[in-house]
Amino acid sequence: MRRPPLRAAAAALTAATVIALLGVAVSDAADAPAAPVITVSESGCGAEWAAATDGHAGHLVLRLSDTARDPAEVYLIAPGSGDVYAEVLSLLPGVPRTLSTTLDGGSYALRCVFTDGQVRTSPSRTLSGTVADAVAGVPPLPDLDLGAPVTAYRAYVTAALPGLLAASRRLDADLAAGDLARARADWLPAHLDYERLGAAYNSFGDFDGAIDGTADGLPGGTADPSWTGFHRIEYGLWHGQGAAVLRPLGSGLVKDVQDMIADFPSADTDPGDLPLRSHEILENALQFQLTGASDYGSGTALATLQANVQGTRAVLGTLTALITPRDPALLPAVDAGLSALDADLAACRTAPGGPTEGSPTDGWTAPAALPLTQRQRLDSALGGLLEQLSTVPDLLQGRPSA
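Within each chain, residues carry numbers counting from 1 in the order of the written sequence. The predicted nature of this model means local features are confined to residues of pLDDT at least 70 and side-chain atom pairs, given and counted, to a pLDDT of 80 or more, with totals for whole chains, interfaces and linings taken over all residues. Working from all heavy atoms in the structure, the side-chain values ignore hydrogens and water.

**Here we look at the pairing of strand S5 (residues 72–77)**
- Within S5, five of the six residues are buried, leaving the element largely enclosed by the surrounding structure.
- Should DSSP find at least two bridges between two strands, the strands are regarded as paired. Under the DSSP-based scheme used, a helix requires at least four consecutive residues in state H or I and a strand at least two consecutive residues in state E, with every element numbered from the N terminus. Sheet analysis places S5 next to strand S6 (residues 84–91), joined by five bridges and oriented antiparallel. Bridged to Val74 within S6 is Val88.
- Between S5 and S6, which follow one another and run antiparallel, lie six residues, and Gly82 among them has a positive phi close to 85°.
- By the bridge criterion, six bridges tie S5 to strand S8 (residues 106–114) in an arrangement that is antiparallel. Note that in S8 the partner of Ala72 across the bridge is Phe114. Burial classes follow relative accessibility: with a 1.4 Å probe on protein chains only, a residue under 20% of its type's maximum area counts as buried, one over 50% as exposed, and anything between as partly exposed.

**Describing the packing of helix H11 (residues 330–346) against helix H12 (residues 372–389)**
- To get an axis, fit a line to the C-alpha atoms, keeping to the stretch in contact for a helix; angles then go from 0 to 180 degrees between the N-to-C directions. Their axes nearest at 10 Å, the elements H11 and H12 cross at an angle of 160°. What the angle tells us is that H11 and H12 run roughly antiparallel. The element H11 and its partner H12 pack so that their crossing is left-handed. Only Arg377, Leu378, Ala381, Leu382, Leu385, Gln388 and Leu389 of H12 make contact with H11, whose side of the interface consists of Leu330, Ala333, Val334, Gly337, Leu338, Leu341, Asp344 and Leu345.
- For this scheme, ten residues count as nonpolar: Ala, Val, Leu, Ile, Met, Phe, Trp, Tyr, Cys and Pro. Four count as charged, namely Asp, Glu, Lys and Arg, and the remainder, Gly too, count as polar. Among the residues forming the contact of H11 with H12, the class breakdown is eleven nonpolar, two polar and two charged. Angular relationships are summarised with four words: roughly parallel below 35 degrees, roughly antiparallel beyond 145, roughly perpendicular across 65 to 115, and oblique for the angles in between. Each crossing gets its hand from how the near helix is turned against the far one by less than a right angle, where anticlockwise is left-handed and clockwise is right-handed. Contact definition: two residues touch when any of their heavy atoms are within 4.5 Å.

**Describing the confidence of the model for the protein chain**
- Each residue carries a pLDDT score, the predictor's confidence in it, ranging from 0 to 100. Confidence in the prediction of the protein chain, expressed as mean pLDDT, is 87, and 87% of residues score 70 or more.
- Predicted confidence in the protein chain is weakest over helix H1 (residues 7–22), with a mean pLDDT of 43, and strongest over helix H7 (residues 230–237), with 98.
- Predicted confidence for residues 352–358 stays below pLDDT 50, and this span has ten contacts to residues more than four positions away or in other chains.

**Points about H7**
- With eight of its eight residues buried, H7 lies for the most part within the structure.
- For H7, the complete set of buried residues consists of Phe230, His231, Arg232, Ile233, Glu234, Tyr235, Gly236 and Leu237.
- Contacts made by the buried residues of H7 are with helix H3 (147–176), helix H4 (180–195), helix H6 (206–212) and helix H8 (243–263).

**Looking at the nonpolar core**
- Residues grouped as a nonpolar core are buried Ala, Val, Leu, Ile, Met, Phe, Trp, Tyr and Cys residues, joined through side-chain atoms within 4.5 Å. Ranked by internal contacts, the top residues of the largest apolar core, which has 67 residues, are Phe230, Leu282, Leu302 and Ile323.
- At eleven residues, the largest contribution of residues to this core is made by helix H10 (residues 301–326).
- Beyond its immediate chain neighbours, meaning those up to four positions away, Leu302 contacts Leu290, Leu345, Cys348, Trp364, Thr365, Pro367, Leu370 and Leu378.
- Among the nonpolar cores identified, the runner-up in size contains 24 residues, and Val40, Leu64, Leu91 and Leu99 belong to it.

**Quick notes on the state of the cysteines**
- Note on terminology: disulfide denotes any pair of cysteine sulfur atoms within 2.5 Å. The tally for this structure, following the rule as stated, stands at one disulfide.
- Paired through a disulfide, Cys45 and Cys112 show a sulfur-sulfur distance of 1.9 Å. Given an S-S torsion of about 75°, the disulfide between Cys45 and Cys112 has right-handed geometry. Linking Cys45 in strand S3 (residues 44–45) with Cys112 in strand S8, this pair joins segments that are 67 residues apart in sequence. Here Cys45 and Cys112 have matching classes, each one buried.

**Section: H12**
- For H12, with 18 residues, the first-to-last C-alpha span of 26 Å sits near the 26 Å given by 1.5 Å per residue.
- Structurally, H12 contributes buried residues whose contacts are with helix H9 (273–289), H10, H11 and helix H13 (392–395). Multiplying 1.5 Å by the residue count of a helix minus one yields the expected span of that helix.

**Some points on the packing of aromatic side chains**
- For Phe, Tyr and Trp, rings pair up if their centres lie within 6.5 Å, where Trp contributes its six-membered ring, and each pair is then called stacked (planes under 30 degrees apart), edge-to-face (over 60) or tilted (otherwise). Tallied over the full model, the rule gives nine aromatic pairs.
- Ring plane angle 35° and centroid distance 6.1 Å describe the contact between Tyr194 and Phe204, whose orientation is recorded as tilted. Within this pair, whereas Tyr194 is found in helix H4, its partner Phe204 is found in helix H5 (residues 201–204), the two being separated by ten residues in sequence.
- With relative accessibility at 2%, the residue Phe204 sits in the buried group.

**Quick notes on the pairing of strand S7 (residues 97–103)**
- Of all seven residues in S7, seven are buried; the element is thus mostly enclosed.
- In this structure, strand S4 (residues 58–66) lies alongside S7, joined through seven bridges in antiparallel fashion. Counterpart to His59 in the pairing with S7 is Thr102.

**Some points on the environment of Leu319**
- Note on placement: Leu319 falls in helix H10.
- Owing to a relative accessible area of 0%, Leu319 belongs among the buried residues under this scheme.
- Expressed as a C-alpha distance, the spacing of Leu319 and Ser278, which sit 41 residues apart in the sequence, is 9.2 Å.
- When near neighbours in sequence (up to four residues on either side) are disregarded, Leu319 contacts Leu146, Pro149, Leu274, Pro275 and Leu396.

**As for the packing of H3 against H10**
- Remark: H3 packs on H10, axes separated minimally by 9 Å, with the N-to-C direction vectors making an angle of 150°. Overall, the two elements H3 and H10 adopt an arrangement that is roughly antiparallel. Every pair of crossing elements has a handedness; the one defined by H3 and H10 is right-handed. Contacts between H3 and H10 involve Pro149, Ala152, Tyr153 and Tyr156 from the former and Gly311, Ala314, Val315, Thr318, Leu319 and Leu322 from the latter.
- A per-class count over the contact of H3 with H10 returns eight nonpolar, two polar and no charged.

**Concerning the environment of Ala366**
- Within the secondary structure layout, Ala366 lies in the loop between H11 and H12.
- Sequence separation between Ala366 and Thr291 is 75 residues; the distance between their C-alpha atoms is 9.5 Å.
- Ignoring sequence-local partners within four residues, the contact set of Ala366 consists of Asp295 and Gly299.

Structure representation (structure tokens):
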């Protein structure tokens, strides 16, 4: 399990998925074609656009200017359903932005939501006619709607934590007894129990780094005395370090897992985390597992990737009731992609169920040792899944309904 990617990367993802989802392009006004100025203020929201006489379906360009004291989010909506057809999520006072999209015939309005909680909605404007490439509306998503998925996911994590603790204790007992062969066999099941937790790492705080951190960025690298957790034990087990070195790491792992379990009931889970993690779990897997970057000797990065697939399914399962009404085709397509990736990963085990099962690596092949065609197949399957999953964070972004 890895920490989320840099927020700059997430911001770039959001911009891309807005365009894909709503067919909307947002730019600085100076770079945009000439268009009437639509004013956003405390006293009104786009009255100029609602009063315009041109009422034809087709491509629409709006030049937005915030004259209020506060930043605003601006939504182009269908007044009856509240469905969102275009949006600008950060309209700053004195910084004009241009929004463009393509609308079919129907009634529309602008809704302006200010950071101080004020909401203003323009009068409706009716467009006539039809166009073939019109964008589809997305139902609004009040923040409270993510409460049930968060509760369900926390229940999933809570149910899985005892198994993680039991597996960590087995690994610790092996190290305490000096049985390093048994420890190498028990390391992988314990590590996978943690990786299947998937989206919870932001709720784990500093425990995630202590339990599953890598040596990247540490002053001493793999020799840094502050490095602990699964990957530190992996490094020692597969680089000839003795039981005397590894025993304290095993007991430290158990203590960190125990402390994390005790802390989890009071830890906060940001409702916005689940939609982000539905994409980020496999994005991290592409960066760290498929490249082998987080492999410290066991050669089991693809087993970790398979656990990440399971974690992604768990996250999506909690979000099904919100995703399906907004994009009915998405989850069946993602499920097919996850199943195909899972099958491709299973094929990377040298003899699953055969003589290597139960061995330290349980028959898994390191990514670097895969034939080129097999590696390319995994790259392609994972890339296609990430493209599909990239729409989820924006699809389930909070959008007010009032």
